[in-house]
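Inside the fold
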Amino acid sequence: MPEFPSESSSKPVTFKSTLLNVTQNEFEQLSSDSLDFTEEEKEGKDKEELDFLRKKRKDRCLANIKFIGHLFLRSLLTARIIGQIIQELAMCGNADKLPGEHILECICELLNSIGYTLDSMPAGK
């Protein structure tokens, strides 16, 4: 994998580490984000525009989850990390709160794309 000089340390930065860091940041934003808008975001927009922006957010959410699944299939993520991702999406640590519909769709998308491979591994049983 290509390496690049780091601006802050003497250790070079690899493409893989940069890719995984960006994907992790996107996932963390996804799990804290909802499809609802603040009053400031709603201001000056009609229902059709809000629906379009909501669909864009949902599509981005699903695309990121699909990408995470492909990273797992390419052995760039471990089964343990995938398990943590599913637990975080399903809000296993917070039994009082239910995940949103788009989050459940993300979990289904992830399991649909990696389920066969995960099931054939000892960690997936």
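Below you will find a few notes about this structure.

1. Looking at the overall build of the protein
Within the protein, the regular secondary structure consists of 5 helices and 2 strands. Against the globule reference of 14 Å for 125 residues, the protein gives a C-alpha radius of gyration of 17 Å, more extended than a compact globule. Evaluated residue by residue, the protein yields a buried proportion of 22% over its 125 residues. Considering only contacts within the protein whose residues lie at least 6 apart along the sequence, 56% involve residues at least 24 apart. Accessible surface computed for the protein: about 9100 Å², of which carbon and sulfur atoms make up 54%.

2. A word on the pattern of salt bridges
Applying the stated criterion across every chain yields a total of 7 salt bridges. One salt bridge in this structure joins glutamate 39 and lysine 42, with 4.0 Å as the shortest N-O distance. Placement of the pair is glutamate 39 and lysine 42 together in helix H2 (residues 39-42), with a separation of 3 residues, close to one helical turn. We classify glutamate 39 as exposed; its relative accessible area is 61%.

3. A look at unusual backbone geometry
The phi angle at serine 75 is positive, at roughly 60°, despite the residue not being glycine. If you trace the backbone, serine 75 turns up in the loop between helix H3 (47-73) and helix H4 (79-89).

4. What about the side chain of threonine 23?
Looking at where threonine 23 falls in the secondary structure, it is placed in helix H1 (residues 15-32). The class of threonine 23 is buried, set by a relative accessible area of 7%. With residues up to four places along the chain from it excluded, the contact list for threonine 23 reads Asn64, Phe67, Ile68 and Leu71.

5. Observations regarding the nonpolar core
If you look at the biggest cluster of nonpolar residues, it comprises 20 residues, and the most contacted ones within it are Ile65, Ile68, Ile82, Leu89 and Leu110. Taken together, the elements giving at least two residues each to this core come down to H1, H3, H4 and helix H5 (101-119). For isoleucine 68, the contacting residues outside a window of four places in its chain are Thr23, Phe27, Leu77, Ile82, Ile85 and Leu110.

Criteria and thresholds
Residues numbered from 1 in each chain as written. Predicted model: local features only at pLDDT ≥ 70, side-chain atom pairs only at ≥ 80, totals over all residues. Heavy atoms only, no water. Helix = DSSP H or I, 4+ residues; strand = E, 2+ residues; numbered from the N terminus. Rg over C-alpha atoms; globule rule 2.2 N^0.38 Å. Buried < 20%, exposed > 50% of the residue type's maximum accessible area, 1.4 Å probe, protein only. Contact = heavy atoms within 4.5 Å. Areas by Shrake-Rupley, 256 points an atom, 1.4 Å probe, with all protein chains shown as cover. Salt bridge = Lys/Arg side-chain N within 4 Å of Asp/Glu carboxyl O. Core = buried A, V, L, I, M, F, W, Y, C linked by side-chain atoms within 4.5 Å.

Function-wise, these values are silent; they only describe arrangement.
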